[in-house]
Amino acid sequence: IDNPAYKGPWVHPEIDNPEYTPDSKLYKRDELCAVGLDLWQVKSGTIFDNFLITDDLEVAKERGEALKKTLEGEKKMKNEQDEAEREKEKAEKPDDEEDDEDLDEEAGEAAPVDEHDEL
């Protein structure tokens, strides 16, 4: 139903606030005690550390270079651990899965062939 009194979307009036005073140090903190992260991880076991909060670009660059060296060492160690884990799983895994196919062939049992698959 059309509204004959409709005047368009409402626009709020902008009225000066006589009590407003700007505060240039409103968000300044002398001490930062904690950093909060809200993360969604696909793989568990991820560690977050080495946070740097600074306004000095040179300090950030220096710490970034040092962190790259640390990350390279950590990545190498992680790859070695993953390889050791794969070797352990391979050693523990029974070889029965490979032998099952050989047994089927020896017994003369082959998988049934569907006549329609040969197209």
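Below is a summary of the structure that appears in this document. (Residues numbered from 1 in each chain as written. Predicted model: local features only at pLDDT ≥ 70, side-chain atom pairs only at ≥ 80, totals over all residues. Heavy atoms only, no water.)

With respect to the overall build of the protein chain
When helices and strands are tallied, the protein chain shows two helices and zero strands. For the protein chain, the residues scored as buried account for 0% of the 119 residues in total. In the form shown here, the protein chain has an accessible surface area of approximately 13000 Å², with 51% of it arising from carbon and sulfur atoms. (Helix = DSSP H or I, 4+ residues; strand = E, 2+ residues; numbered from the N terminus. Buried < 20%, exposed > 50% of the residue type's maximum accessible area, 1.4 Å probe, protein only. Areas by Shrake-Rupley, 256 points an atom, 1.4 Å probe, with all protein chains shown as cover.)

Observations concerning a nonpolar patch on the surface
A contiguous nonpolar surface patch, about 700 Å² in accessible area, is contributed by Leu-32, Val-35, Leu-37, Leu-39, Phe-48, Phe-51 and Ile-53. Residue Ile-53 is classed as exposed on the basis of its relative accessible area, which comes to 59%. (Patch = residues over 30% accessible without salt bridge, like charges linked within 9 Å, V, L, I, M, F, W, Y side chains within 5 Å. Salt bridge = Lys/Arg side-chain N within 4 Å of Asp/Glu carboxyl O.)

Regarding the pattern of salt bridges
Should the charged atoms of two oppositely charged side chains come close, the side chains can pair. If you walk through the whole model with that rule in mind, you get four salt bridges. Note that Lys-78 and Asp-82 form a salt bridge whose closest N and O atoms lie 2.9 Å from each other. Taken together, the residues span about one helical turn, with Lys-78 and Asp-82 both in helix 1 (residues 57-92) at a distance of four residues. You can call Lys-78 partly exposed: its relative accessible area is 36%. Of the charged contacts in the structure, one is a salt bridge between Arg-86 and Glu-83, with a shortest N-O distance of 3.0 Å. Taken as a pair, Arg-86 and Glu-83 lie in helix 1 at a separation of three residues, close to a single helical turn. Judged by its relative accessible area of 35%, Glu-83 falls in the partly exposed class.

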